[in-house]
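One letter stands for each residue in the lines below.
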Amino acid sequence: MNPSKPRVIKDYDKLDPEIQEKIKLEYPSGYSENLIYFTNRDGKRVSALPFETEDKYYLVRMTVYEAEKIIEDDDDFDSTGSLKDSAKEEYEAKYGDDDILAGTDDVEEAEDVADDDYDDDDYDDDDDSGGADEED
């Protein structure tokens, strides 16, 4: 993770559809196995799916149950929880030139991040605090 990028904590359903599609390409086998855990500003341990774009680092807030339900309800995924080839081809054609999807050489493994403590005081968590990293 690049520390100079704005960090955003957001619920999956509040993300732009473009970001959701890019996340599907990043995690074609589903989300639940890729969740990381951190302590929020209230001292509660929460889970999120990490996702990095050229200009932002997202922590997409979800539980294991929610991660599995999102995949189950999404027509882009098959009954085994894998991204369908047709959806993969469509999104690769749409976003194939994006650097984030070009390779995983600089991607930090989730296991390396999972033990880090995160305080979402530094993140936008969709409250009305008016933080600088606020994402609509």
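Residues numbered from 1 in each chain as written. Predicted model: local features only at pLDDT ≥ 70, side-chain atom pairs only at ≥ 80, totals over all residues. Heavy atoms only, no water.

Asker: Please explain the pattern of salt bridges as it appears in this structure.
Answerer: Side chains that differ in sign of charge can pair as their charged atoms come close. All chains considered together, the criterion is met by eight salt bridges. Here Glu 21 and Lys 94 are joined by a salt bridge, their closest N and O atoms 2.9 Å apart. Of the two residues, Glu 21 sits in helix 1 (residues 17-26) while Lys 94 sits in helix 3 (residues 85-95), which places them 73 residues apart along the sequence. Judged by relative accessible area, which is 13%, Glu 21 ranks as buried. (Salt bridge = Lys/Arg side-chain N within 4 Å of Asp/Glu carboxyl O. Helix = DSSP H or I, 4+ residues; strand = E, 2+ residues; numbered from the N terminus. Buried < 20%, exposed > 50% of the residue type's maximum accessible area, 1.4 Å probe, protein only.)

Asker: Would you mind showing me how to read the packing of helix 1 against helix 3 here?
Answerer: Describing two packed helices takes the angle between their axes plus the distance from one axis to the other. Running from amino to carboxyl end, helix 1 crosses helix 3 at an angle of 115 degrees, the nearest separation of the two axes being 10 Å. Crossing handedness for the pair helix 1 and helix 3: left-handed. Along the contact surface, helix 1 presents Glu 18, Glu 21, Lys 22, Lys 24 and Leu 25, while helix 3 presents Lys 88, Tyr 91, Glu 92, Lys 94 and Tyr 95. Here the contact of helix 1 with helix 3 is built from residues that sort into three nonpolar, no polar and seven charged. (Axes fitted to C-alpha atoms, helices over the stretch in contact; angles between N-to-C directions. Left-handed = near helix turned anticlockwise from the far one by under 90°. Contact = heavy atoms within 4.5 Å. Nonpolar A, V, L, I, M, F, W, Y, C, P; charged D, E, K, R; others polar.)

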